[in-house]
Amino acid sequence: SSEMPEYVFLVYQMCFAVITPALITGAFTNRVRFAPYLIFLVLWLTCVYFPAVHSIWGGGFLQEWGVLDFAGGIVVHATAGMAALASVFYVGKRHVVDQPHSIPLIAIGTGLLWFGWYGFNAGSALTAGESAALAFVNTDIAASFAGVTWLIIAWIHTGKPTLVGLLTGMVAGLATITPGAGYVDTWAAPIIGIVAGLLCYGAVTLKEKFGLDDALDVVGVHGVGGIFGVIMLGLFGRADLGGSDGLFFGGGEFFGKQVAAVVGFSLYAFVFTFVALWLINFITPVKCTEKDEEDGVDTVMFGECAYNDACGEILPSKTCPEKCPEEKEMKPVKKGWFGKKKGEESV
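So, a few notes on the structure that sits alongside this text. Just so we're clear, the structure is a prediction, and the values are computed from it rather than from any experiment. (Residues numbered from 1 in each chain as written. Predicted model: local features only at pLDDT ≥ 70, side-chain atom pairs only at ≥ 80, totals over all residues. Heavy atoms only, no water.)

## What to know about helix α7 (residues 163-177)
At step 1: Counted at 1.5 Å a residue, the expected span for α7 with its 15 residues is 21 Å, and the 21 Å between its end C-alpha atoms agrees.
At step 2: In terms of burial, α7 is a largely internal element, 12 of the 15 residues being buried.
At step 3: Looking at α7, one finds that the buried residues are G165, L167, T168, G169, M170, V171, A172, G173, L174, A175, T176 and I177.
At step 4: Where the residues of α7 are buried, they touch α4 (73-91), α5 (103-121), α6 (130-158), α8 (188-210) and α9 (218-236).
At step 5: Sitting at the amino-terminal end of α7 is T162, which places a side-chain oxygen 3.0 Å from the backbone nitrogen of G165. (Helix = DSSP H or I, 4+ residues; strand = E, 2+ residues; numbered from the N terminus. Expected span 1.5 Å × (residues − 1). Buried < 20%, exposed > 50% of the residue type's maximum accessible area, 1.4 Å probe, protein only. Contact = heavy atoms within 4.5 Å. Polar contact = N/O pair within 3.5 Å; in protein donor to acceptor, adjacent residues only side chain to side chain.)

## Here we look at the layout of surface pockets
At step 1: One number sums up the size of the second largest pocket: a volume of about 630 Å³.
At step 2: If you go around the second largest pocket, you meet 26 residues; those closest to its centre are F9, Q13, W57, G58 and L126.
At step 3: Looking at the lining of the second largest pocket, the elements that each hand over two or more residues are α1 (6-25) and α2 (34-56).
At step 4: If you tally residues by element for the lining of the second largest pocket, the top one is α1, at 7 residues.
At step 5: Its residues placed into classes, the lining of the second largest pocket shows 16 nonpolar, 8 polar and 2 charged. (1 Å grid on protein atoms, 1.4 Å probe; cavity = no way out; pocket = protein on both sides within 12 Å on 5 of 7 lines; lining within 4 Å. Points joined across faces, edges and corners; volume = space filled by probe spheres on them. Nonpolar A, V, L, I, M, F, W, Y, C, P; charged D, E, K, R; others polar.)

## Looking at α8
At step 1: Taking 1.5 Å as the rise per residue, α8 with 23 residues should run 33 Å; its terminal C-alpha atoms sit 33 Å apart, in good agreement.
At step 2: If you check which residues of α8 are buried, you get A188, A189, P190, I192, G193, A196, G197, C200, Y201, A203, V204 and K207.
At step 3: On its buried face, α8 is in contact with α6, α7 and α9.
At step 4: Following α8 by one or two positions, G211 adopts a phi angle in the positive range, close to 75 degrees.

## Side note on the packing of α4 against α9
At step 1: It is at 8 Å that the axes of α4 and α9 come closest, and there the two elements cross at 140 degrees. In terms of orientation, α4 lies oblique with respect to α9. Our pair here, α4 against α9, has a crossing hand that is left-handed. Here G73, I74, H77, A78, A80, G81, M82, A84 and L85 of α4 come into contact with α9, specifically with V218, V219, H222, G223, G226, I227 and V230. (Axes fitted to C-alpha atoms, helices over the stretch in contact; angles between N-to-C directions. Parallel < 35°, antiparallel > 145°, perpendicular 65-115°, else oblique. Left-handed = near helix turned anticlockwise from the far one by under 90°.)

## Here we look at the packing of aromatic side chains
At step 1: Throughout the structure, instances matching the rule amount to 19 aromatic pairs.
At step 2: Consider the rings of F34 and F302, whose centres lie 5.2 Å apart with planes at 75 degrees: the pair is edge-to-face. In this pair, F34 sits in helix α2 while F302 sits in helix α12 (residues 297-302), placing the two residues 268 residues apart along the sequence.
At step 3: Look at W278 and F282: their rings are 5.0 Å apart centre to centre, the planes differ by 90 degrees, and that puts the pair in the edge-to-face class. Here W278 pairs with F282, and both are found in helix α10 (residues 252-283), just 4 residues apart, close to one helical turn.
At step 4: Through a chain of ring-to-ring contacts, three or more aromatic side chains come together here, namely Y12, F16, W57 and F120.
At step 5: Directly above the ring of F249 sits R238, whose terminal nitrogen or CZ lies 5.5 Å from the centroid. (Phe/Tyr/Trp six-rings, centres within 6.5 Å; stacked < 30°, edge-to-face > 60°. Lys NZ or Arg CZ within 6 Å of the ring centre and 35° of its normal.)

## Side note on the packing of α8 against α9
At step 1: Across the interface, α8 lies against α9 with an axial gap of 9 Å and an inter-helix angle of 145 degrees. Where α8 crosses over α9, the two elements pack in a sense that is right-handed. Residues A188, I191, I192, V195, L199, C200, A203 and V204 of α8 lie in contact with α9, whose contacting residues are G220, V221, V224, G225, F228, M232 and F236.
At step 2: Per-class residue counts for the contact of α8 with α9 are 13 nonpolar, 2 polar and no charged.

## Observations concerning the nonpolar core
At step 1: By size, the foremost hydrophobic cluster in this structure holds 46 residues, and its most contacted members are I24, F40, W44, Y49, I74 and V262.
At step 2: For this core, the elements supplying multiple residues, two or more each, are α1, α2, α4, α9 and α10.
At step 3: Aside from chain neighbours lying at most four places away, what touches W44 is T20, I24, Y49, T79, A80, A83, A269, F272 and T273. (Core = buried A, V, L, I, M, F, W, Y, C linked by side-chain atoms within 4.5 Å.)

## Section: the side chain of T79
At step 1: Looking at the element boundaries, T79 is found in helix α4.
At step 2: Judged by its relative accessible area of 0%, T79 is buried.
At step 3: Within the local environment of T79, its side chain forms a polar contact with the backbone oxygen of V75, the two atoms lying 2.8 Å apart.
At step 4: With near-sequence residues (within four places) excluded, T79 lies in contact with T20, W44, V48, I74, F265 and A269.

## As for a nonpolar patch on the surface
At step 1: Taken together, I39, L43, F89, V271, F274, V275, W278, L279, F282 and I283 make up a surface patch of nonpolar side chains, about 950 Å² in accessible area.
At step 2: Residue position: I39 is located in helix α2.
At step 3: When its relative accessible area of 31% is taken as the criterion, I39 is described as partly exposed. (Patch = residues over 30% accessible without salt bridge, like charges linked within 9 Å, V, L, I, M, F, W, Y side chains within 5 Å. Areas by Shrake-Rupley, 256 points an atom, 1.4 Å probe, with all protein chains shown as cover. Salt bridge = Lys/Arg side-chain N within 4 Å of Asp/Glu carboxyl O.)

## Thoughts on the side chain of N121
At step 1: Mapped onto the elements of the fold, N121 is located in helix α5.
At step 2: For N121, the contacting residues outside a window of four places in its chain are F70, A71, A135, T139, L174, I177, T178 and A181.

## Examining unusual backbone geometry
Trans is the common state for peptide bonds, and a negative phi is the common state for residues other than glycine.
At step 1: Positive phi is not limited to glycine here, since N30 has a value of about 70 degrees.
At step 2: Looking at where N30 falls in the secondary structure, it is placed in the loop between α1 and α2.
At step 3: A relative accessible area of 29% means that N30 is categorised as partly exposed.
At step 4: Notably, D217 is not glycine yet its phi reads approximately 55 degrees, a positive angle.

Rendered as structure tokens:
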């Protein structure tokens, strides 16, 4: 567009290129060595991400064929999700499984992610007009419905409504609405959000049943969300909103093209990822050893730790202690209705 400076467009597109392989990384966390990881990033971006971008957004064969992807359902989420699945198959399970470090930080991170998603979805209109506004509103609606749907299903399934479940469902909704954010009407956004919550929760449940160690549920949330988001664009798309009419509006051919494109690129991303990791392993070992995981990958590879210990002491720069120093015995303080009693000291 003559209204957008080329460098602005360049930097904006660079954000998509940065986030996509970062999604894959979340699946095999704590299992891949840093050097082969860097090689993998360059290969994957060059051979998977760039072809996807140019074929769908850059005037390539899929764009000419009529395939639509408003903000990255195929380009980002489907390719990253299937690459994550291939990487999990290749590297196997973790020997040391960490629990979430801080649920409040997960909540803050999800809020930041949601805010940033406005830039991805609404920004993909490349203009501050009706299309951007529609994408913005649909993003909010779908994420909200998906989060509540996930919460309710988890509540029924496990007996407890968890904050992490609510937040995960929100991200599932964000991923699923992405390909159709500016191409579907607002009444379709709740449907897409509810379907996202149902399907992505089911995918994560199946992952656990089959014992796949996808640390951050990249496959179930981003992969499944992105794939079915593209398919639902093929159902609910509207030509009068700048896209093409979906199956429910007589666009059977468009629906078929959407399905073919997302399945084709997903398979390609899966196969390339597995083969790339296998080939890189001939150059330098890809997987961390069991001892590396037990000692701490941060410590072994980088000589530093990400966190202070639970007692609040500063960790040495190159070694993580195995456990905290012995804590002092803490005694409860008896308090009256309005706090400490007169003359009473806190322990």
